[in-house]
Amino acid sequence: MIDPDGSDAIPFDDPLEVRRAKVEAMRAAGEQPYKVRYDVTAHVSDLVATYSALPAGEETTDIASVAGRVVAVRDQGRAAFIVVRDATGDIQLFCRADALGDDGFQASAALDLGDWVGARGSIMRTRRGELSVAPTEVVLLSKSLRPLPEKYHGLSDTETRYRQRYVDLIANPEVRDVFLTRFKILSVMRRFMESRGYLEVETPMLQPVPGGATAKPFVTHHNALDMQLYLRIAPELYLKRLLVGGSDRVYEINRSFRNEGMSPRHNPEFTMLEAYQAFGDMEAMRELTESLIAAIAVDVLGTTEIVYQGVPVSLASPWRQASMADLVSEACGRDVSVHTPLPELLALCDTHDVPIQPGWGPGKLVNELFEKLVEHTLHQPTFVTLYPAETSPLARRNDADPELTDRFELIVTGRELANAFSELVDPVDQRSRFEAQATAKAAGDEEAMCIDEDYLRAQEYGMPPAGGLGIGVDRLVMLLTDSASIRDVLLFPHMRPEA
RNA sequence: GGGCCGUUAGCUCAGCUGGUAGAGCAGGGGACUCUUAAUCCCAAGGUCAUAGGUUCGAUCCCUAUACGGCCCA
């Protein structure tokens, strides 16, 4: 299509081409559509706070320079209202031809939605009550070539929202709030851990032996050493090596990677808090978990009473504690434990449609019954305790019952949010547990652990008694932001390649 | 891996038991010096996800594929 008056051969049905032509026209006129910098004197939120009491219709002589993205233009002919969004909020520019000059006004009114602009002028509040900058200068800082999503409905297509998060963040301010909350949660978490005397450390993400969890790792290759490496599935074994080295309290907010399926609760890479306390135990970790999560809720949300997906959740102390055996027994209507004869456990699994695999012992079967029958029913925070030793190869055996471990998982809204135990520090027992895992791996369990000889060597030097804790940070953010999917709390969730 | 649902203009959505598509916003032209989902006038914008099939004729029915969502394993 050709411009009807024939003066320019601009294809005005293609937004990208129209804007490219504008850029070319600017360059032809000697203007730079991509400036080098702009001296900003105020963020929008500062202006909103400072001038909250400014009455409607008042004009001040205070001058400010703001910069942001144009998100709305309302052209009135010889005046124009331009809404600019910076990182802290939206503010209106009240552009008038008499203040900007004819050329300046024309240029302002010609701005496109999405353009980055800087503006300098006096602070005022319009007669309709909108805080505004009345600019004597409006500068295009960076030209946008693509049209923004619809101004009222925003961007709702989930695929585009996740793939092009930058557009999602422009179009949907509430998305920005979720990630601001995520940042606050991490910030409070770090301050809390530091206040408890924990040292933040960094341990390898590239590991020669993947350990610390039962999961399938991503495999990679180091060219220089011509060796296979794994992206960590957990930092646990390295953090515990630090206890051998004499560290007293350490934690790592870690990205870990598991080569498994994706779901609304699983992303191949995810964030955990892992913490270890020498001379502590499971009980110390239970107290830490409860205090930390409640403190985060109070600090970030101002309350321990939250709502997740329409259902109230109380994070107020104390949280329920119950043993796995008691919970499974309740669900099955009969006593069930790791000491229940194997045929009876197999019959229970059959009754409750729990799929089983050959080689599973009573501990694994009880654990499967728990996950099938109980886990999803625990909506309020619950510490599930006394996990089977069979499925807890890094946890210390319970003194009263060596088939169990001093371990808990914290379940909230039917999901595992944290996992902790009194650490297994006996190198002889640890080796036998690793060997049991190796047997399972040889029998086809791809998630079973590998024997980590260096970790065993470290333990042989002597590891202090310790408590260890892992908290799923993404799931905690989901809980505290009322997000249904992990993808809503990850800035750039994993996606298949675009079609 | 299995099941169900979805994919129509840049965005948000319509589209009648099958006759090759509409709106709003955005974009283009014009009017307007207090608007804020501004308003008003005019014009434009589509390989209906992709590839096959059925049919005189397919956005619509069938099959496969891709991507996405939810549920299950």
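The residue count restarts for each chain, going from 1 along the sequence in the order it is written. To label them, take the chains in the order written and letter them from A, then take the ligands in the order written and number them from 1. Where local features are concerned, this predicted model is filtered to residues with pLDDT of at least 70; where side-chain atom pairs are given and counted, the filter is 80 or more; whole-chain, interface and lining totals use all residues. Side-chain calculation: all heavy atoms of the structure are included, whereas hydrogens and water are not.

### A closer look at the overall build of chain A
Heads up, the rule is: The secondary structure listing takes helices from DSSP runs of H or I that are at least 4 residues long and strands from runs of E that are at least 2 residues long, numbered from the N terminus. Using a 1.4 Å probe on the protein chains alone, a residue whose accessible area is under 20% of its type maximum counts as buried, one over 50% counts as exposed, and one in between counts as partly exposed. Whether two residues are in contact is decided by their heavy atoms, any of which lying within 4.5 Å being enough. Values of accessible area rely on a 1.4 Å probe in the Shrake-Rupley scheme; residue burial ignores everything except the protein chains shown. Charge counting follows a simple rule: Lys and Arg are positive, Asp and Glu are negative, and His as well as the terminal groups are ignored. The location of each charge is read from NZ of Lys, CZ of Arg, CG of Asp or CD of Glu.
Scanning chain A for helices and strands turns up 14 helices and 18 strands. Viewed in the frame of its principal axes, chain A has a C-alpha envelope of about 90 × 50 × 50 Å. When each of the 499 residues of chain A is scored for burial, the buried share is 48%. Pairs at least 24 apart in sequence give 64% of the contacts found in chain A among residues at least 6 apart. For chain A, the exposed area adds up to about 24600 Å²; of that, 52% sits on carbon and sulfur atoms. Looking at charge distribution, chain A has the averaged site of its 51 positive side-chain charges lying 3 Å from that of its 76 negative ones.

### Description of the sheet that holds strand β14 (residues 320–323)
Operational definition: Any two strands between which DSSP finds at least two bridges are classified as paired. Structural elements are reduced to axes, namely lines fitted to C-alpha atoms, with helices fitted over the stretch in contact, and the angle between N-to-C directions of any two is expressed from 0 to 180 degrees.
Taking strand neighbours across the sheet as the criterion, the eight strands line up as β6-β10-β11-β18-β17-β16-β15-β14 in an open arrangement whose pairing is mixed. Every other strand in the sheet has two partners, leaving β6 (199–200) and β14 as the edge strands with one partner each. Sheet topology places β6 next to strand β10 (residues 249–257); two bridges connect them, and they run parallel. Each bridged residue has a counterpart across the sheet, and for leucine 199 the counterpart in β10 is valine 250. Where helix α14 (residues 473–481) meets the sheet, its contacts fall on β11 (269–278), β16 (404–412), β17 (415–422) and β18 (466–472), and the angle it forms with β17 comes to roughly 135°.

### A few points about the domain arrangement of chain A
Many descriptions give the size of an interface as the accessible area lost when the pieces come together. As a reminder, the rule being used: Domain start and end points were adopted from an automatic or database domain assignment.
The domain boundaries assigned to chain A delineate domain 1 (34–147) and domain 2 (174–319 + 380–489). Here domain 1 and domain 2 have C-alpha centroids that lie 48 Å from each other.

### Overview of the pairing of strand β4 (residues 116–125)
Burial within β4 is extensive, with eight of its ten residues counted as buried. Sheet topology places strand β1 (residues 59–75) next to β4; eight bridges connect them, and they run antiparallel. Following the sheet pairing, arginine 69 is matched in β4 by tryptophan 116. In this structure, β4 lies alongside strand β5 (residues 131–142), joined through ten bridges in antiparallel fashion. Bridged to tryptophan 116 within β5 is serine 142. Remark: five residues form the turn of the hairpin made by β4 and β5, two consecutive strands paired antiparallel; glycine 129 in that turn has positive phi of roughly 95°.

### Considering helix α6 (residues 173–195)
Selection rule: The span expected for a helix works out to 1.5 Å for each residue beyond the first.
For α6, spanning 23 residues, the distance from its first C-alpha to its last is 33 Å, which sits close to the expected 33 Å at 1.5 Å a residue. Buried residues in α6 make contact with α4 (158–163), α5 (165–171), β10, β11, α8 (282–301) and α14.

### Some words on the protein's contact with RNA strand B
Here is the rule: In these notes, residues near a molecule or strand are those with any non-hydrogen atom within 4 Å of it. In protein, a polar contact means a hydrogen-donor-capable atom and an acceptor-capable atom, both N or O and within 3.5 Å, with residues adjacent in sequence counting only if both atoms are side-chain atoms; elsewhere, any N or O pair within 3.5 Å suffices. In the scheme used here, Gly and all other residues not listed as nonpolar or charged are polar, with Ala, Val, Leu, Ile, Met, Phe, Trp, Tyr, Cys and Pro taken as nonpolar and Asp, Glu, Lys and Arg as charged.
The full set close to RNA strand B counts 43 residues, and Thr126, Arg128, Lys151, Glu159 and Arg487 are the nearest of them. One nitrogen or oxygen atom from the side chain of glutamine 92 is found 2.9 Å from a base nitrogen belonging to RNA strand B. With four residues, the top contributor of residues to the surface near RNA strand B is α4. Within the surface near RNA strand B, the residues separate by chemical class into 17 nonpolar, eight polar and 18 charged.

### So, the pairing of β18
For β18, the buried fraction is high: seven of the seven residues fall into the buried class. What you see with β18 is no split at all: Ala466, Gly468, Gly470 and Gly472 on one side and Gly467, Leu469 and Ile471 on the other are buried throughout. Looking at chain direction, β11 and β18 are connected through seven bridges and run antiparallel. For alanine 275, the partnering residue across the bridge sits in β18 and is leucine 469.

### Section: the packing of aromatic side chains
Cut-off, in case you're wondering: Aromatic rings from Phe, Tyr and Trp, with only the six-membered ring used for Trp, were paired whenever their centres fell within 6.5 Å, and each pair was classed as stacked if the ring planes differed by under 30 degrees, edge-to-face if by over 60, and tilted otherwise. Should the NZ of a Lys or the CZ of an Arg lie within 6 Å of a ring centre and within 35 degrees of the ring normal, that charge is described as sitting over the ring.
For the coordinates displayed, the defined rule picks out five aromatic pairs. Between phenylalanine 370 and tyrosine 387, the aromatic rings sit 6.4 Å apart at their centres with planes inclined by 70°, giving edge-to-face as the arrangement. Taken together, the residues span a long stretch of sequence, with phenylalanine 370 in helix α11 (residues 362–374) and tyrosine 387 in strand β15 (residues 382–388) at a distance of 17 residues. Residues phenylalanine 370 and tyrosine 387 agree in their burial class; the two are buried. Three or more aromatic residues link up through ring pairs in this structure, and these residues are Trp319, Phe383 and Phe408. Here the basic side chain of arginine 241 rests over the ring of tyrosine 238, its NZ or CZ set 4.4 Å away from the ring centre.

### A word on the nonpolar core
So the rule is basically this: Among buried residues, those of type Ala, Val, Leu, Ile, Met, Phe, Trp, Tyr and Cys that are joined through side-chain atoms within 4.5 Å constitute a nonpolar core.
By size, the foremost hydrophobic cluster in this structure holds 43 residues, and its most contacted members are Met189, Met193, Leu273, Ile296 and Leu410. No other element matches α8, which puts eight residues into this core.

### Examining the pattern of salt bridges
Keep this limit in mind: In what follows, salt bridge is the name for a side-chain nitrogen of Lys or Arg lying within 4 Å of a carboxyl oxygen of Asp or Glu.
Across all of its chains, the model carries 34 salt bridges by this definition. Note that aspartate 454 is salt-bridged to arginine 241, the shortest N-O span being 2.8 Å. Remark: arginine 241 occurs in helix α7 (residues 236–244) and aspartate 454 occurs in helix α13 (residues 453–460); sequence separation between them is 213 residues. Across the pair aspartate 429 and arginine 433 runs a salt bridge, and its minimum N-O distance is 3.4 Å. Of this pair, aspartate 429 and arginine 433 both sit in helix α12 (residues 427–442), four residues apart, roughly one helical turn. Summarising the burial analysis for this pair, aspartate 429 and arginine 433 share the class buried. Sharing partners across several salt bridges, the network here consists of Arg19, Lys22, Asp112, Asp115 and Lys143.

### Overview of the sheet that holds β5
Around the barrel, five strands lie side by side as β1-β2-β3-β5-β4; this closed barrel has mixed pairing. Averaged over all neighbouring strand pairs, the angle between strand axes comes to 50°, with direction disregarded. When strand β2 (residues 79–86) meets strand β3 (residues 89–96), the two strands line up antiparallel, connected through eight bridges. If you follow alanine 79 over to β3, its bridge partner there is arginine 96. On the sheet, helix α3 (residues 97–109) packs against β1, β2, β3 and β5 and is oriented at approximately 115° with respect to β3.

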